[in-house]
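# Fold and geometry: a report
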Amino acid sequence: METALTIAGSDSSGGAGIQADLKTFSALKVYGMSVITAVTAQNTTGVRSIATIPTNIIQDQMEAVLEDIPVGAVKIGMLSSSHVIKTVVSTLVNVKATNIVLDPVMVSKSGHHLLEYEAVQTLKEDLIPIATIVTPNLPEAEAILGRKILCEEDMKEACQQLNELGPKYVLLKGGHLEGDPVDVLYDGTEFHHFYQERILTKNTHGTGCTLSSAIAAHLAKGNSVVDSVHLAKEYITGAIQHSISIGQGHGPTHHFHQLW
Ligand SMILES: Nc1ncnc2c1ncn2[C@@H]1O[C@H](COP(=O)(O)OP(=O)(O)OP(=O)(O)O)[C@@H](O)[C@H]1O
Ligand SMILES: Cc1ncc(COP(=O)(O)O)c(N)n1
């Protein structure tokens, strides 16, 4: 059985974070496991409060899983602070984890900060270098690089600058672009462009979490990074097309892959 581990925050409304990741793993028929880094009280309209889990408990959760069960891929989402990032990095390095998919979560769709501002430097110096693939959205890439990214040409340059930080692949997501979204994948040599007609919906809560965990699931099944991104793009597009109109704000993506 293929396995994948998510290291991320809990979203009480089930649309993003750990809950979106585990739903994606299940829909793609991969056995999912979780390390919870923070508990958020949130719904489709916003985040009310956040409790970060103590780092010794985060480390214990990781070691409990990694010392016992082979992990095919690791997806990393919300990490809250520099302390949490450092704990996650040292534990992953100790066990020589591979297939690391890093979604550098910073701000929720509803505008709430999920990572301390000062932690961006630690993310850049300690975590991005050990990632197999890092999947920032445009505002996250702008925060990491300290520059504006306004068009596809800027995205290519930003991919090159992100690649210099050390990850094997960069997938820069264009969901925040005006018009049809384009995502750009860069492996240090070649670019792959993923063009997609914009689906007209406000139900995009958890799209980044869903995409990164779908990449992890496909890596766990033994696919290459490029193939995993192709397959994950198909998955996220279907999950947005079939997204669910619940709640007053941004509704969640849908995860019954085998039904659509
Ligand atoms: N309306 C849309 N129609 C089609 N594809 C979309 C749409 N919105 C986002 N996507 C795609 O979904 C994926 C996630 O992109 P996005 O840029 O929204 O990430 P994100 O901001 O990290 O998501 P989130 O913060 O909601 O978790 C990308 O592949 C993007 O191209
Ligand atoms: C626990 C957690 N992790 C990630 C997100 C980002 O998702 P979104 O940008 O769709 O709000 C979130 N809202 N909550």
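See the structure above.
Now for a description of the structure that goes with this document. (Residues numbered from 1 in each chain as written. Chains lettered and ligands numbered in written order. Predicted model: local features only at pLDDT ≥ 70, side-chain atom pairs only at ≥ 80, totals over all residues. Heavy atoms only, no water.)

Applying the stated criterion across every chain yields a total of one aromatic pair. Ring centres of Tyr186 and Phe191 lie 4.4 Å apart, and the angle between their planes is 25°; this geometry places the pair in the stacked category. Looking at Tyr186, the relative accessible area reads 7%, which means it is buried. Its relative accessible area of 23% is what places Phe191 among the partly exposed residues. It is Lys156 that lies over the ring of Phe191; its NZ or CZ is 4.9 Å from the centre. (Phe/Tyr/Trp six-rings, centres within 6.5 Å; stacked < 30°, edge-to-face > 60°. Buried < 20%, exposed > 50% of the residue type's maximum accessible area, 1.4 Å probe, protein only. Lys NZ or Arg CZ within 6 Å of the ring centre and 35° of its normal.)

Our focus in this paragraph is the environment of Ala143. Within the secondary structure, Ala143 sits in helix H5 (residues 138–145). Of the residues examined, Ala143 reaches a relative accessible area of 41% and is grouped as partly exposed. Those residues in contact with Ala143 that lie beyond four places of it in its chain are Met106 and Val120. (Helix = DSSP H or I, 4+ residues; strand = E, 2+ residues; numbered from the N terminus. Contact = heavy atoms within 4.5 Å.)

Moving on, we come to the site of ligand 2. Lining the immediate environment of ligand 2, one finds 14 residues, of which Gly9, Gln42, Lys109, His205 and Gly206 sit closest. In the environment of ligand 2, a nitrogen atom lies 2.8 Å from a nitrogen or oxygen atom belonging to the side chain of Gln42. With respect to ligand 2, the side chain of His205 contributes an N or O atom lying 3.4 Å from an oxygen atom. About the coverage of ligand 2: the protein hides 92% of its 360 Å² of free accessible area. Looking at side-chain class alone, the shell around ligand 2 contains five nonpolar, eight polar and one charged residues. (Near = heavy atom within 4 Å. Polar contact = N/O pair within 3.5 Å; in protein donor to acceptor, adjacent residues only side chain to side chain. Areas by Shrake-Rupley, 256 points an atom, 1.4 Å probe, with all protein chains shown as cover. Nonpolar A, V, L, I, M, F, W, Y, C, P; charged D, E, K, R; others polar.)

This part covers the site of ligand 1. Around ligand 1 sit 20 residues, and of these Lys109, Lys173, His176, Asp183 and Gly208 come closest. At a separation of 2.9 Å, an oxygen atom of ligand 1 approaches a polar side-chain atom of Lys233. Burial of ligand 1 by the protein amounts to 94% of the accessible area it has alone, namely 620 Å². Listing elements by their share of the shell around ligand 1, those giving two or more residues are helix H7 (207–220) and helix H8 (225–241). Take the shell around ligand 1: its biggest share by element is four residues, from H7. When the residues that make up the shell around ligand 1 are grouped by side-chain class, the tally is six nonpolar, eight polar and six charged.

Before going further, it helps to examine the pattern of salt bridges. Inspection of every chain in the model, using the stated rule, returns seven salt bridges. Across the pair Asp126 and Lys86 runs a salt bridge, and its minimum N-O distance is 3.1 Å. With a gap of 40 residues between them, Asp126 in helix H4 (residues 119–127) and Lys86 in helix H3 (residues 82–94) connect regions that are remote in the sequence. Overall, the relative accessible area of 45% leaves Lys86 in the partly exposed class. Residue Glu157 pairs with Arg147 through a salt bridge whose shortest N-O separation is 3.3 Å. Here Glu157, found in helix H6 (residues 152–163), pairs with Arg147, found in the loop between H5 and H6; they are ten residues apart in sequence, far enough to count as distant. On the accessibility criterion, Glu157 (40% relative accessible area) is partly exposed. Each of Arg147, Asp154 and Glu157 takes part in one network of salt bridges that share partners. (Salt bridge = Lys/Arg side-chain N within 4 Å of Asp/Glu carboxyl O.)

Let us now look at the pairing of strand E9 (residues 191–195). Pairing between strand E8 (residues 182–186) and E9: five bridges, direction antiparallel. When the bridges of E9 are listed, Asp183 appears paired with Phe194. Hairpin connection between E8 and E9: a loop of four residues separates the two successive antiparallel strands, and Gly188 in this loop has a positive phi of roughly 100°. (Pairing = 2+ DSSP bridges.)

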